[in-house]
Amino acid sequence: MVYPIKTWWTWVSSQPWNFRWFILLVLLRPLIDILWQIKEPLFGLNILQVVGVVTPTLILLLFCSHQFPSIKLGQADKWFIGLTLVIMINLIFFFFSRMTLLWLGEILKMMLPFVLYPFLRHTLSNKHDLHGLLTTFLYSTIFPALLLLYELLWHPLGIQTSRGMERYTGGYSDVLNYAIYFFIAFLVWAYTTLAKKSDNRFPYFEMVLFAIAIYVVFLMYSINHITSLVIFVILFLYYLIYRIRTGRVISTIILFHIVLGFILVRPEHTDSIERLVSREIEVIKGERPLEKAFHGRMSRWEKMLNDFDQTDPSFKLFAPSFSGLITTGYMITGTHNDYLRFLFMGGVLGLGLYLLFLFAIWRNTRSHHLSQRFLISGTLIMLLLFSITSVPTLYAPLLYFTMTIFAYSNERKMT
């Protein structure tokens, strides 16, 4: 449930300092992300890398100071502890085999989910805190929305050419940054509309969600990112299913047709979609080689898997970093597939534990109310689909959100 700004500020003011810093980080992250263009290093690290180093370091220091109460471990927590041990052993060994400041920054960046999840498990204690953080996430998306609006109406800050099409890169280094912020806004507001009891007054929450949905669709066409468009369509349809389950059948049908009409009404929109998926269709038909699938990423994945397959079976099982592969560094940073990245970081055991953790989070949805089930499972869907062609667990803004949802939802009811 989204709070009015006065209620939200009262909540922020009531939080202890060991949690308030994270609220401030979430709020400022969209501004921090545009600093990627500042290349001047500080101790060999740029500004984003400094933030990436400071965040997990601060969390570890807080844990060492015994600032947090103990918690009862759930099944998902147990899987996560096992996953953390496997990944940390590999990352620490990998770092000591390189011992450079640049790799220290990269390793700390990869460690973020493994310290962020337990931090949030210990600090999120009730639904009031969850809603306060969700409101913070929603407010944090205002800056990306205004930035994109400025670029579309006046002057784009950056344009890339991909597959013969121009698409905005904007103030961020990756088009995925825009998609992440707007997916967060959609999920938070969709959860709010489902949690809000219907009445006869003006449907304010539904109208705002409709505006967000249209804006997200417009964004997808602007950045020409087919993966983001597909994920949004799936999330939107998933939300409509939950609307129908709350008895809002007629308004759901109307909303569906309006958004669908906006997607298909302009010929240049359908032309963009056709050009984006044409090569993938050719791969499915056998007209192009398989390694050209997923915008050519399949060839990269095949090469990495071949290198991984050459290692000793024990290394493949749980200790890839001990194999001595020269390409290990590239395999854990440049896969464009999070499932393979976890395989290369923690072996078959690491990937298995990661999937068991996500499965345990999904199972926990059964103990929650309908609106919370949508929020948890919708977040899972977003993470799982993004993981096919990108590495969402390396994107801090997305990690802040997903780990917040997972940490609170695990083994506890939201009443």
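Everything numeric here is computed off the predicted structure, so don't read it as measured data.

About the cut-offs
Residues numbered from 1 in each chain as written. Predicted model: local features only at pLDDT ≥ 70, side-chain atom pairs only at ≥ 80, totals over all residues. Heavy atoms only, no water. Helix = DSSP H or I, 4+ residues; strand = E, 2+ residues; numbered from the N terminus. Contact = heavy atoms within 4.5 Å. Areas by Shrake-Rupley, 256 points an atom, 1.4 Å probe, with all protein chains shown as cover. Salt bridge = Lys/Arg side-chain N within 4 Å of Asp/Glu carboxyl O. Buried < 20%, exposed > 50% of the residue type's maximum accessible area, 1.4 Å probe, protein only. pLDDT = per-residue confidence, 0-100. Expected span 1.5 Å × (residues − 1). Bend = angle between axes of the 7 residues up to and from the residue. Core = buried A, V, L, I, M, F, W, Y, C linked by side-chain atoms within 4.5 Å. Patch = residues over 30% accessible without salt bridge, like charges linked within 9 Å, V, L, I, M, F, W, Y side chains within 5 Å.

> With reference to specific residues and values, describe the overall build of the chain.
In terms of helices and strands, the chain carries 18 helices and two strands. Restricting the contact set of the chain to residue pairs at least 6 apart, pairs at least 24 apart contribute 74%. Carbon and sulfur atoms make up 67% of the accessible area of the chain, which amounts to about 19,100 Å² in all.

> Residues and numbers for the pattern of salt bridges, please.
Two side chains bearing opposite charge may form a pair once their charged atoms approach each other closely. Across all of its chains, the model carries five salt bridges by this definition. One salt bridge in this structure joins Asp-33 and Arg-29, with 2.8 Å as the shortest N-O distance. Linking Asp-33 with Arg-29, this pair stays in helix H2 (residues 17-33), spanning four residues, or about one helical turn. By relative accessible area, which is 5% here, Asp-33 ends up buried. In this structure, Asp-77 engages Arg-121 in a salt bridge whose closest nitrogen and oxygen atoms are separated by 2.7 Å. Placement of Asp-77 in helix H4 (residues 75-96) and of Arg-121 in helix H5 (residues 101-123) is noted, with a sequence separation of 44 residues between them. The same class applies to Asp-77 as to Arg-121, namely buried.

> Quick rundown of unusual backbone geometry? Include the residues and the values.
With a phi angle near 60 degrees, His-336 is a residue other than glycine that sits in the positive phi range. Position of His-336 among the secondary structure elements: in the loop between helix H15 (328-331) and helix H16 (338-364). Residue His-336 is classed as partly exposed on the basis of its relative accessible area, which comes to 31%.

> Which residues make up the side chain of Asn-337, and what are the values?
Mapped onto the secondary structure, Asn-337 falls in the loop between H15 and H16. Among the residues examined, Asn-337 registers a relative accessible area of 8% and is labelled buried.

> An account of the side chain of Ser-377 is requested, with residue identities and associated values reported.
Residue placement: Ser-377 occurs in helix H17 (residues 370-389). Residue Ser-377 is classed as buried on the basis of its relative accessible area of 6%. With sequence-adjacent residues up to four places away left out, Ser-377 is seen in contact with Tyr-238, Tyr-242 and Thr-365.

> Kindly report on the confidence of the model for the chain, identifying the contributing residues and their values.
On average, residues of the chain score 82 in pLDDT, and 81% of them are at 70 or above. Across the chain, the secondary-structure element scoring lowest on mean pLDDT is strand S2 (residues 165-168), at 54, and the one scoring highest is H16, at 95.

> Report on H2, specifying residues and quantitative values.
Look at H2: 23 Å from first C-alpha to last across 17 residues, which is about the 24 Å you get at 1.5 Å a residue. Its axis deflected by about 45 degrees at Leu-27, H2 carries its strongest bend there, up to four residues before the proline Pro-30. Every buried residue of H2 is accounted for by Asn-18, Phe-19, Trp-21, Phe-22, Ile-23, Leu-25, Val-26, Arg-29, Pro-30, Ile-32 and Asp-33.

> Explain the nonpolar core to me, using residue names and the numbers behind them.
Residues Phe-22, Leu-116, Phe-119, Phe-401 and Phe-406 are the most contacted members of the largest nonpolar core, which totals 120 residues. For this core, the element with the most residues is helix H8 (residues 175-195), which contributes 16 residues.

> Quick rundown of a nonpolar patch on the surface? Include the residues and the values.
On the surface, Ile-142, Leu-146, Leu-149, Tyr-150, Leu-153 and Trp-154 cluster together into a nonpolar patch covering about 660 Å² of accessible area. With respect to the helices and strands, Leu-153 occurs in helix H7 (residues 142-153).

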